[in-house]
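Residue-level listing of the chains:
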Amino acid sequence: MSSREIRIATRKSALALWQAEYVKARLEQAHPGLKVSLVPMVSRGDKLLDSPLSKIGGKGLFVKELETALLDNEADIAVHSMKDVPMDFPEGLGLFCICEREDPRDAFVSNTFASLDELPLGSIVGTSSLRRQAQLLTRRPDLQIRFLRGNVNTRLAKLDAGEYDAIILAAAGLIRLGFEDRITSAISVDDSLPAGGQGAVGIECRTADSEIHALLKPLDHADTEVRVTAERALNKHLNGGCQVPIACYAVLEGENLWLRGLVGDPDGGNLLTAEVRGPQRDATALGIQVAEELLEKGAGAILQKVYGEAGPQ
Ligand SMILES: NCc1[nH]cc(CCC(=O)O)c1CC(=O)O
């Protein structure tokens, strides 16, 4: 390999930096002697942490600055949480690597109560995810959902300050940042179906940079890739992402893939579900099939209501 350096564009949040450092370490391990550096940047989404994401232009905000750095040749790769990566890439960029998935579940975090089931009537739960809210309120219509954004540390601090009886976060983020002991209980995917791509890290780079593609190869995780491919196909067909009340989760069963999808009214009480089993090689078609089934069941009206309030994602 050449002696060129790989520059990683990354947001400055603790989780983004952890993920960038993780990719740096994996690249250095796979290619001894390779030079890898971080190019930290502040995204517009990071500057507007107090507004609901859906109201300020969607999660694409976090990705745009990184993509501009790639296109301007100020960096070579961008490391993303797969659940935050929009479905379509700008001309000249694409996703060229998906790393092994961490725990994909949502985590229940509380200083007082052991699990969702033990929350007293009317408890205050912090989350700003419409996906989590829809599933929580369907199961527990008595709960009061309160807005909660900010990075993982901020969210934990708000819980510790007593603003909430419990909060819901992705287990993966907590584990990566060394807060695994804050996970009071992991919520089964049967009770809170994750967001597409949750727990997986992906790497975006220039389509034409075949030298980088080759260097990224050892970080590919085939099982994760096929699962996330099915989940993203579902999301894409529904025009969604993690700021809309869409959940989807794929697992492998030998040669087959089992994909579950869900669209829920954020106010609770109306959860539409669909699932399919089929060959792994049909991952994209299976994602579209589950999305179609959700649309047949009325997902369009729920999503229209959300998009209507927030504008397109
Ligand atoms: N939406 C923000 C976000 N993007 C990725 C993660 C966690 C890590 C992951 O899912 O890979 C989180 C935090 C959360 O949802 O609690």
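For the structure, see preceding data.
I will try to describe carefully the structure that is included in this document. (Residues numbered from 1 in each chain as written. Predicted model: local features only at pLDDT ≥ 70, side-chain atom pairs only at ≥ 80, totals over all residues. Heavy atoms only, no water.)

**Observations regarding the sheet that holds strand β1 (residues 5-11)**
What links the strands of a sheet is backbone hydrogen bonding, and the strands pair in either a parallel or an antiparallel sense. Ordered in space as β2-β1-β3-β10-β4, the five strands form an open sheet in which the pairing is mixed. In the strand order of this sheet, the two ends are held by β2 (35-41) and β4 (93-98), each with one partner. Shown here is a sheet whose adjacent strand axes are inclined to one another by a mean of 30°, direction ignored. The pairing of strand β3 (residues 77-81) with strand β10 (residues 201-206) spans five bridges and is classified as antiparallel. When the sheet's bridge partners are listed, His80 is paired in β10 with Gly202. (Pairing = 2+ DSSP bridges. Helix = DSSP H or I, 4+ residues; strand = E, 2+ residues; numbered from the N terminus. Axes fitted to C-alpha atoms, helices over the stretch in contact; angles between N-to-C directions.)

**Notes on the environment of Glu293**
Considering the arrangement of structural elements, one finds Glu293 in helix α9 (residues 283-296). According to the relative accessible area criterion, Glu293 is partly exposed, its value standing at 26%. Remark: the alpha-carbon pair of Glu293 and Thr273, spanning 20 residues in sequence, is separated by 8.5 Å. Dropping the residues within four chain positions of it, Glu293 is found in contact with Ala274 and Glu275. (Buried < 20%, exposed > 50% of the residue type's maximum accessible area, 1.4 Å probe, protein only. Contact = heavy atoms within 4.5 Å.)

**Re empty space enclosed by the protein**
Scanning all chains against the criterion turns up one cavity of 30 Å³ or more. For the largest cavity, the calculated volume is near 60 Å³. Lining the largest cavity are Asp106, Leu116, Arg132, Gln135, Leu136, Arg139, Ile168, Ile187, Asp191 and Ser192. Looking at which element gives the most residues to the lining of the largest cavity, the answer is helix α4 (residues 130-139), with four residues. (1 Å grid on protein atoms, 1.4 Å probe; cavity = no way out; pocket = protein on both sides within 12 Å on 5 of 7 lines; lining within 4 Å. Points joined across faces, edges and corners; volume = space filled by probe spheres on them.)

**Here we look at the sheet that holds strand β5 (residues 106-109)**
With mixed pairing, the five strands of this open sheet are ordered in space as β7-β6-β8-β5-β9. Strand pairing shows two members of the sheet lacking a second neighbour, β7 (144-146) and β9 (185-186), which therefore form its edges. Across the sheet, α4 is in contact with β5, β6 (124-126), β7 and β8 (166-170); its angle to β8 comes to roughly 130°. Seen against the sheet, helix α5 (residues 152-160) touches β5 and β8 and runs at an angle of roughly 165° to β8.

**Quick word on the pairing of β2**
Here β1 pairs with β2 via seven bridges, running parallel. Note that in β2 the partner of Thr10 across the bridge is Pro40. Between the parallel elements β1 and β2, the chain passes through helix α1 (residues 14-30) in a crossover that is right-handed. (Right-handed = clockwise from strand over helix to strand, strands pointing away.)

**Considerations on the site of the ligand**
Every residue near the ligand is listed here: Leu15, Ser81, Lys83, Asp84, Arg132, Leu169, Ala170, Gly173, Arg176, Gln198, Gly199 and Ala200. One of the side-chain N or O atoms of Lys83 is found 2.6 Å from an oxygen atom in the ligand. At 2.8 Å, a backbone N or O of Ala170 approaches an oxygen atom of the ligand. Bound to the protein, the ligand loses 89% of the 390 Å² it would expose on its own. In terms of residue class, the shell around the ligand is made up of four nonpolar, four polar and four charged. (Near = heavy atom within 4 Å. Polar contact = N/O pair within 3.5 Å; in protein donor to acceptor, adjacent residues only side chain to side chain. Areas by Shrake-Rupley, 256 points an atom, 1.4 Å probe, with all protein chains shown as cover. Nonpolar A, V, L, I, M, F, W, Y, C, P; charged D, E, K, R; others polar.)

**With respect to unusual backbone geometry**
Backbone geometry places Asn73, a non-glycine residue, at a positive phi of 60°. For Asn73, the position within the fold is in the loop between α3 (61-71) and β3. For Asn73, a relative accessible area of 44% puts it in the partly exposed group.

**A few points about the packing of aromatic side chains**
The description of an aromatic ring pair rests on the distance of the ring centres and on the angle between the ring planes. All chains considered together, the criterion is met by one aromatic pair. Geometrically, the ring pair formed by Trp18 and Tyr22 is stacked, given 5.3 Å between the ring centres and 10° between the ring planes. Remark: Tyr22 and Trp18 occur in helix α1; sequence separation between them is four residues, near one turn of the helix. Its relative accessible area of 32% is what places Trp18 among the partly exposed residues. A cation over a ring is seen here: Arg260 above Trp258, with NZ or CZ 4.0 Å from the ring centre. (Phe/Tyr/Trp six-rings, centres within 6.5 Å; stacked < 30°, edge-to-face > 60°. Lys NZ or Arg CZ within 6 Å of the ring centre and 35° of its normal.)

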